[in-house]
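Inside the fold
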Amino acid sequence: MYDFAYHKPATLADAVKLLAADPDAKAISGGHTLIPALKLRLNRPSALVDLSGIAEMKGIRREGDALVIGALARHVEVAENAEVKAAIPALAYLAAHIGDVQVRNRGTIGGSLANNDPAADYPAAVLGLGATLHTSKRKIAADDFFLGMFTTALEPDEILVAVSFPIPERAGYAKMKNPASRYVMAGAFVSKGPMGVRVAINGAGPCVFRQAAMEAALAANWSPEAVAAIKQDPEGLNSDIHGSAEYRAHLVTVMAKRAVAAAG
Amino acid sequence: MPQVTLTVNGKQHTVEVEGRTLLVELLREKLRLTGTHVGCDPSQCGACVVHVNGDSVKSCTTLAVMCEGAQVTTIEGLAAPDGTLHPMQEAFREYHALQCGFCTPGMVMSAVDLVRKNPQGLSEKEIREGLEGNLCRCTGYHNIVKAIAAAQEVMHGRRASLAAAAE
Amino acid sequence: MNVVTPFEGIGARVKRKEDLRFLSGRGQYTDDINRPGQTYAFILRSPHAHARIAGIDTSRAAAMPGVVGVFTSADLAGIGGLPCGWQIHNKDGTPMAEPKHPVLAEGKVRHVGDPVAVVVAETRAQARDAAEAITVDYEVLPAVASMAAALAPGAPLVHEGVPGNICYDWHIGDAAAVEAAFARAAHRVTFETTNNRLVPNAMEPRCAVGEYDAATGEHTLYTTSQNPHVIRLLMGAFVLNIPEAKLRVVAPDVGGGFGSKIYHYAEEAIVTWAAARLGRPVKWTADRTEAFMSDAHGRDHVTRAELALDAEGRFLALKVSTRANMGAYLSTFAPCVPTYLYATLLAGVYTTPAIYAEVKAVFTNTVPVDAYRGAGRPEATFLLERLVDVAARQCGFDRVELRRKNFIRPEQFPYQTPVALQYDSGNYHATLDQALAAADWAGFEARRAEAKARGRLRGIGPSTYIEACGIAPSAVVGSLGARAGLYEVGTIRVHPTGSVTVLTGAHSHGQGHETTFAQLVADKLGVPIAKVEVVHGDTAKVPFGMGTYGSRSLAVGGSAMDRAMDKIIAKGKKIAAHLMEASVEDIEFERGIFRVAGTDKAKSLAEISLAAYVPHNYPIEELEPGLEETAFYDPKNFTYPGGCHVAEVEIEPETGRVHLVNFTAVDDVGRVINPMIVEGQVQGGVAQGVGQALLEGCVYDEEGQLLSGSMLDYAMPRADDLAPVSVATHTTLCTHNPLGVKGCGEVGAIGAPPAVINAVVDALRDWGVTHIEMPATPQKIWSIIQGRTR
């Protein structure tokens, strides 16, 4: 790791100021994506701005027909939260299956979303539920947030504060893990609710995406069989030693089917 | 140079660190607590697991500066002050759940956290899943799983001793 | 009196003595050692598989903060290359090609990870920072990343002096007899397979600390080694030219080896040399990603085999042609793995009368390959045990009956195979029957039907294996090309009050020697294990030793101890005879007590040892004082553990994912000293075998870049990848060592892979699948069953 300065602001405003003042500074919360990258010397921030002391980024609460989760919520907190389990059990399930116990004890929803690793879990839930992302500047719809591999709509001095999940009638998540890293090789988050019928696919492509054909099929007939025959085009999907684009495309259908079955 | 003040195994330390100093480096190199090991770089193996504020974390993926004010427990601090082994340590010995011993500190610390957080008790499958973040190359995990299953009975007071848990 | 409870002797399930320190964080691994004034080395490694080094500029690095030294091969003038410990001869009798293996690259790099320069600095981070400031001018050359590429006509040469990239072209067996048998065979079965390259990945990364005492001229190397005396010999004599008396090598607690810590590595020489050069201790610790490109890899064979059978299914002949990847340089024992540890095992447990095998060893631009847990025997076993299943299917035999029909029968021992080895003992029918019963082989079809109802494909697979351990008679291995003796050394030091220190040349890095070796003493001398200390891993303390690999510690090291204890008893009898005024012939010894036969006169070992160290009433004219004996034990033969493993798997047809659901091992490891430890060794070996079969595979791209270069890409078995492993033993004793022991450290890694793949293929039998290469990943299985119909 290269050395860097370390700041721990107490307020969102101070954090924004620090990031705005130094274009080479990076925000950190749980650090479970950033620190491994730093250890490999893949990037060289001048400073780290530790968000973990910012009160307005914490907490999980029900607000009307939505569940609002602070960006600093650790995966374990989402997984075990009674409100989450009651309102969107698929989201609790997803959080309970991110990485391993130690990752869940440190990693945060905000960190995962701001990083937008194609093999991460949370982007599928956010896109698959049609959530709204609250930042230090504005509100961003899920459909506008994930721009590409490791790229989001967040500006360099913009901080993700909370995510508001509309509560669906039903939702489900299924994934196939990479046998080595255990990151997502292909996953599907499906839901039916106020945001319509949504199918978000993660792991398979360079960025989480919606599977329109499956959404249409499920809108007409919400059942695993409805998606079983829909093939994902492998064009543009990721390919590595554990999963070719063709295999991932096949898994997309299998995982969508399983996600619908899990959603009930 | 930044300073961090934290409590390790009940003892408070104030240590000078760099921004980039990892918690495991602080423990091993500054405090000479070498029971916590480093077995990989991409946060996969879990040899470095310690407890921070009651949660198991990978100390190789935690910056020391982010542990200001933290309560840290390492393998050296798990046994009672009189040296009596923690039931999990006992169980690992009883069930031959360690061979070369290198993954053992992290494995034990993960296991203790796993059992503490699951007072309802864990099935064999749940124990295996709960160990996803810890690699062992020697044992094939068979005896580790058995040791944890026995230790949870003692830790939760359902059995008085490991011998009783084995029955 | 030291009267031991029988529970601590041979066969007792005693808890391990070493556990307390490991469980409380007080183990002392090499990286836990810090010497006063210590500096840190970082090694700059080649990012290219093959390149000429046109120049290296270290000036910027040398000026960086904290840097105390920057070295390249130019600084190492007069330093030898890393030696190879085994010489194989070609079919025509000429010796193998043995190109120099420099400590730091000399003019050329030959694999990704090849060490190019070393930076020594006050901190690890400073050393790494400075290494990035070194400029290396590489002229990238075309690389050969696979054996196929290396053997292609006109392929680039890894070493200019090695035409065709062929290290050796060797053979064994009777080609004419094999051809004759094939000519009259009723069935001929061909099988081709690749034995996947593996990365050992002991959990402790390698580490080395060098130190030099200018006052005495003594060098000390602390290193993660399975054999410190061998490192002292190789590094002292061949690389750094330091006499043994001035070189101490310490291998303290070592966090697993599995073969990867046998070899003498460049980093050991670098820190030892740099510590003397700089006058300060130097530590190097690998990070895991570095380990992937610098620890010796394992396996990596490509083989074509043909089996001839008669109409009844009797094996008539076996013909094998194997290409074995050596990587870019010859690691310490690499040449013997695909020859004397592989081809000599091709008889397996069968009476195949004619065998011919040829092995071509090939240089490629990849990390050197050497022995990894099992070393040659897993490759032989996988080949044979898959071949038998394939033959059974192809020719219409039951695969269990086909094995039974061809087994060497118990009354045929000692059994001379057509490929040099003579097996001393075994009972393959018994281990097979016991394993089939334990695995409920008979009930499998019902389980398969039940799984089918759940949408899962269930399969079961056997593997009946043999291996060779306890390497081996020195004269024999010497005639086969070994450049070392392969005996072991044990010293028994009985202290004045009767406690015992054992000094052993074997090294424990997870095997529990501190316990099992103490049990040998408890059993024979009657000393409680609490009073027995086992010392290993330090050339300053232990007289000599060849170390631990090839499951040899007990068979060879334990036998040396046993011989030393015989000497202790013989001397003790003389002392006892003197003290009790009897003749030596009348003294009996059992479990700590010297007794005058037929009388109640007796002396304990402690009384005898006290007399030996306080020789007031002592036969001082005939006998030296003291009670300490050393034995060098040179084995008469290999030992031959064998057994049967049965794997049961379920496959998700939609994803191709394989779930291991049951694993049963019945092994004949000879006499069992501590069943708890034997079970642990087998379970651990099986996990690595299952890893090879289902998860692990080292992948290079065509340019020689390591695609599986970290734990994010190389799939290590985790707890939820595995299932409980049922372990039992069926013992036949080794006939030629005093303990009757065979060895248990590698049987799991040898027996398991074909059992698992046989099960996977069985699960897919309705699809017409006849073989799946390892690792049987979900993607591979999915792509194989794609398009096939039942």
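**Focus on the domain arrangement of chain A**
Residue and element names in this part refer to chain A. In terms of domain boundaries, chain A breaks down into domain 1 (5-166) and domain 2 (170-263). Relative placement of domain 1 and domain 2: their C-alpha centres are 23 Å apart. Mapped onto the side of domain 1 that touches domain 2, the elements with two or more residues apiece are helix 5 (89-96), helix 8 (122-129) and strand 8 (146-148). Among the elements that line the side of domain 1 that touches domain 2, the one with the most residues is helix 8, at six residues. Classifying every residue of the side of domain 1 that touches domain 2 gives 15 nonpolar, five polar and two charged.

**Section: the sheet that holds strand 19 (residues 488-494) of chain C**
All names here are of chain C. Taken in spatial order, the four strands make up an open sheet running 21-20-19-25, and their pairing is mixed. Whereas interior strands pair on both sides, the edge strands pair on one side only; in this sheet they are strand 21 (532-535) and strand 25 (628-633). Direction aside, neighbouring strands of the sheet carry axes that sit 15 degrees apart on average. As paired elements, strand 19 and strand 25 share six bridges and run antiparallel to each other. Looking across to strand 25, one finds that Arg-493 is bridged to Glu-628.

**Overview of the interface of chain C and chain A**
Counting residues at the interface gives 15 residues for chain C, matched by 12 residues for chain A. The element that contributes the greatest number of residues to the side of chain C that touches chain A is helix 19 (residues 778-785) of chain C, accounting for three residues. Class assignment of the residues belonging to the side of chain C that touches chain A gives a composition of eight nonpolar, five polar and two charged.

**Looking at the packing of helix 9 (residues 377-395) of chain C against helix 10 (residues 399-406) of chain C**
Residue and element names in this part refer to chain C. Interaxial distance between helix 9 and helix 10 falls to 9 Å at its minimum, and their mutual angle equals 115 degrees. As for how helix 9 packs across helix 10, the hand of that crossing is right-handed. Seen from helix 9, the contacting residues are Val-388, Asp-389, Ala-391 and Ala-392; seen from helix 10, they are Arg-399, Leu-402 and Arg-403. Of the residues assigned to the contact of helix 9 with helix 10, the class counts are four nonpolar, no polar and three charged.

Conventions we followed
Residues numbered from 1 in each chain as written. Chains lettered and ligands numbered in written order. Predicted model: local features only at pLDDT ≥ 70, side-chain atom pairs only at ≥ 80, totals over all residues. Domains from an automatic or database assignment. Helix = DSSP H or I, 4+ residues; strand = E, 2+ residues; numbered from the N terminus. Nonpolar A, V, L, I, M, F, W, Y, C, P; charged D, E, K, R; others polar. Pairing = 2+ DSSP bridges. Axes fitted to C-alpha atoms, helices over the stretch in contact; angles between N-to-C directions. Contact = placed C-beta atoms within 7 Å. Left-handed = near helix turned anticlockwise from the far one by under 90°.

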